[in-house]
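Structure assessment
Okay, here's what each chain looks like letter by letter:
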Amino acid sequence: MPEQPAAVNPPVTAGQLLTHRAFLFFLLSRSLSRFSSQIAAVAIGWQIYDLTGSAFDLGMVGLVQFLPTALLVFVAGHAADRYERKRVVQLCQLVEAATALYLAIITYLGAVGEVQIFIATFVLGIAGAFESPTTAALLPLIAPQGSLQRATAVSSGAAQVATITGPALGGFAYAVAPHLAYAMMVLFWILGMILTGFIRPRPQAVAKEGTDSDNIFAGVRFIRSNPAILGTISLDLFAVLFGGVTALLPIYARDILQTGPVGLGVLRAAPAVGALLMTMVLARHAISRHVGLRMFQAVIVFGFATIVFALSSWMWLSVLSLAVLGAADTISVVIRFSLVQLSTPDEMRGRVGAVNFLFINASNQLGQFESGVAAALLGAMPAAVLGGVATVAVALLWMKLFPSLRKVESLE
């Protein structure tokens, strides 16, 4: 297998992508990191709710994870553009592994408390604030030329495999012994760090020091000057902000669907199953026409699937609606990622990616906080229904506010 992906015209197939060594190592490393993150979501969410029984505290987990992103977004993006990206990713994975080891030890010793979990969650948020935009900026240097959309779909599919198995295995491990779930996180982050070291990307463009393009806020100015990118990123922020129903899964698992940690793992995995099936479709059949309109349609389906889940009291319907939710989200993610990366110069991808990650985290983690607060005030089911309705409304409004985004015809 070649050390570096070569420019290919026409674009390579999904199977051919896996013969590129750098891309394969990237997939494995990213999947292992995702595996650990999903185990953490199950273990930390269940442990916090088990310790406190509070929907508000469950929502606070999302806020604590989001704060480092908000505080460090520009520094993280600048680091991704100034330093070797794979080394930044490795350092983040090492910090995450050490944090998981701390959680495993204090849980095993019976010394774990709400404060310790929030501190560890904050540290994981710091590492994630650097790792995610750097990983996103690394992919275009690995994917063969002209194949970014397909590479994004394959990468998302690999991550979704980890997302499917991660929560399920995490739920089983937690049911056996809570510290075992954290020990698994340590192992997978260490393996991911090792695999990242084998990646050989194409040379990274670096902005000259002291120039305007080297400015830490250059990514913000670039996004503001590009309506399509601004509309894409802000759509994700506001639509998913109101649709953060996954934060309420521990409540649904215990109080509404009356299942335990294993059931919670299944619910956590359901969106990833739908996402994986959709990525298999997108890996073979890239979206070539009406991509802007397809993204809006996917967000609307996401909102309706959230409403169905919110009203369901049957496990099978809840799992099905979450799978549809995950499939719709994958279409949006692939289009959004490809559009942003292809429209951004390489020397600015870290900073633009960091701003994008800020918006994604705001939608996901602040969405968890919003859902937790709304559930504490209104109840879990009304809060989830309201979130789904708001998601559909935002998508329709954004179609009017960003007509140029709606009219985007193709990506590559």
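Small disclaimer: the values here were computed from a predicted structure and weren't measured.

1. A word on the overall build of the chain
Along the backbone of the chain there are 16 helices and zero strands. Burial status across the chain gives 59% buried among its 412 residues. When contacts within the chain are restricted to residue pairs at least 6 apart in sequence, long-range pairs at least 24 apart make up 87% of them. Accessible surface for the chain amounts to roughly 16,100 Å². Of this, 68% is attributable to carbon and sulfur atoms.

2. Focus on the environment of serine 36
Residue placement: serine 36 occurs in helix α2 (residues 21-52). Setting aside its immediate chain neighbours within four residues, serine 36 contacts Met185, Phe188 and Trp189.

3. A closer look at the pattern of salt bridges
Evaluation of the coordinates by the stated rule reveals three salt bridges. Notably, a salt bridge pairs arginine 87 with glutamate 84, separated by 3.7 Å at the nearest N-O pair. Given a relative accessible area of 43%, arginine 87 falls into the partly exposed group. The residue aspartate 255 makes a salt bridge to arginine 254 at a minimum N-O spacing of 3.3 Å. According to the relative accessible area criterion, aspartate 255 is partly exposed, its value standing at 40%.

4. Digging into the nonpolar core
Counting 107 residues, the largest nonpolar core has Phe23, Ile44, Leu235 and Leu405 as its most contacted members. By residue number, the principal contributor to this core is α2, which donates 15 residues. Beyond its immediate stretch of four places on either side in the chain, isoleucine 44 contacts Val61, Leu103, Ile117, Thr121, Leu124 and Tyr182. Of all hydrophobic cores here, the second largest spans six residues; its members include Ala79, Cys92, Ala127 and Phe130.

5. Some words on the side chain of threonine 330
Relative to the helices and strands, threonine 330 is located in helix α13 (residues 315-342). Non-local contacts of threonine 330, meaning those with residues more than four positions away in its chain, are made with Ala275, Met278, Thr279 and Leu282.

6. Focus: a nonpolar patch on the surface
On the surface, Val301, Trp314, Trp316, Leu320 and Val324 cluster together into a nonpolar patch covering about 540 Å² of accessible area. For the nonpolar patch, the element with the most residues is α13, which contributes three residues. Position of tryptophan 314 relative to the elements: it lies in the loop between α12 (291-311) and α13. Here tryptophan 314 falls in the exposed class, since its relative accessible area comes to 53%.

7. Let's talk about helix α3 (residues 55-82)
Here α3 spans 41 Å end to end across 28 residues, near enough to the 40 Å set by a 1.5 Å rise per residue. The largest bend in α3 amounts to roughly 70° and is located at leucine 72.

8. Comments concerning the environment of serine 156
Here serine 156 lies in helix α6 (residues 148-176). Classification of serine 156 by relative accessible area gives buried; the value is 9%. Considered as a pair, serine 156 and leucine 276 are 120 residues apart in the sequence and their alpha carbons are 7.7 Å apart. If sequence neighbours within four positions are ignored, serine 156 has contacts with Arg30, Thr279 and Val334.

9. Concerning the UniProt feature "transmembrane region" (unreviewed entry) in the chain
In the numbering used here, UniProt assigns the "transmembrane region" (unreviewed entry) feature to residues 55-76, 180-199, 228-253, 265-283, 295-317 and 373-398. This span, residues 295-317, is 87% helix and 0% strand, and a straight line between its end C-alpha atoms measures 25 Å. In residues 373-398, the share of helix is 96% and the share of strand is 0%. The end C-alpha atoms are 25 Å apart.

10. Digging into unusual backbone geometry
For glutamine 258, which is not glycine, the phi torsion reads 55° and is therefore positive. Relative to the assigned elements, glutamine 258 resides in the loop between α10 (249-256) and α11 (261-284).

11. Overview of the packing of α11 against α13
Packing of α11 against α13 brings their axes to within 7 Å, and their N-to-C directions diverge by 40°. Classified by the interaxial angle, the pair formed by α11 and α13 is oblique. As for how α11 packs across α13, the hand of that crossing is right-handed. Counted together, Gly263, Val266, Leu267, Ala270, Pro271, Gly274, Ala275, Met278, Thr279 and Leu282 of α11 and Met315, Ser318, Val319, Leu322, Ala323, Leu325, Gly326, Ala327, Thr330, Ile331 and Val334 of α13 form the full contact between these two elements.

12. What to know about the confidence of the model for the chain
On average, residues of the chain carry a pLDDT of 81, and 89% of them reach 70 or more. Considering each helix and strand of the chain separately, the mean pLDDT is smallest for helix α1 (residues 14-17), with a value of 71, and largest for helix α4 (residues 85-108), with 94. Ignoring residues within four places in sequence, the model shows residues 1-8, a span with pLDDT below 50, making 27 contacts including any to other chains.

13. Thoughts on the packing of α4 against helix α5 (residues 114-138)
Interhelical geometry of α4 versus α5 gives an angle of 160° and a closest axis separation of 9 Å. Between α4 and α5, the angle falls in the class roughly antiparallel. Crossing angle aside, the handedness with which α4 passes α5 is left-handed. Grouping the amino acids of the contact of α4 with α5 by side-chain chemistry returns 15 nonpolar, six polar and four charged.

The rules behind each value
- Residues numbered from 1 in each chain as written.
- Predicted model: local features only at pLDDT ≥ 70, side-chain atom pairs only at ≥ 80, totals over all residues.
- Heavy atoms only, no water.
- Helix = DSSP H or I, 4+ residues; strand = E, 2+ residues; numbered from the N terminus.
- Buried < 20%, exposed > 50% of the residue type's maximum accessible area, 1.4 Å probe, protein only.
- Contact = heavy atoms within 4.5 Å.
- Areas by Shrake-Rupley, 256 points an atom, 1.4 Å probe, with all protein chains shown as cover.
- Salt bridge = Lys/Arg side-chain N within 4 Å of Asp/Glu carboxyl O.
- Core = buried A, V, L, I, M, F, W, Y, C linked by side-chain atoms within 4.5 Å.
- Patch = residues over 30% accessible without salt bridge, like charges linked within 9 Å, V, L, I, M, F, W, Y side chains within 5 Å.
- Expected span 1.5 Å × (residues − 1).
- Bend = angle between axes of the 7 residues up to and from the residue.
- UniProt positions renumbered as here; feature names shortened; annotations may be inferred.
- Axes fitted to C-alpha atoms, helices over the stretch in contact; angles between N-to-C directions.
- Parallel < 35°, antiparallel > 145°, perpendicular 65-115°, else oblique.
- Left-handed = near helix turned anticlockwise from the far one by under 90°.
- pLDDT = per-residue confidence, 0-100.
- Nonpolar A, V, L, I, M, F, W, Y, C, P; charged D, E, K, R; others polar.

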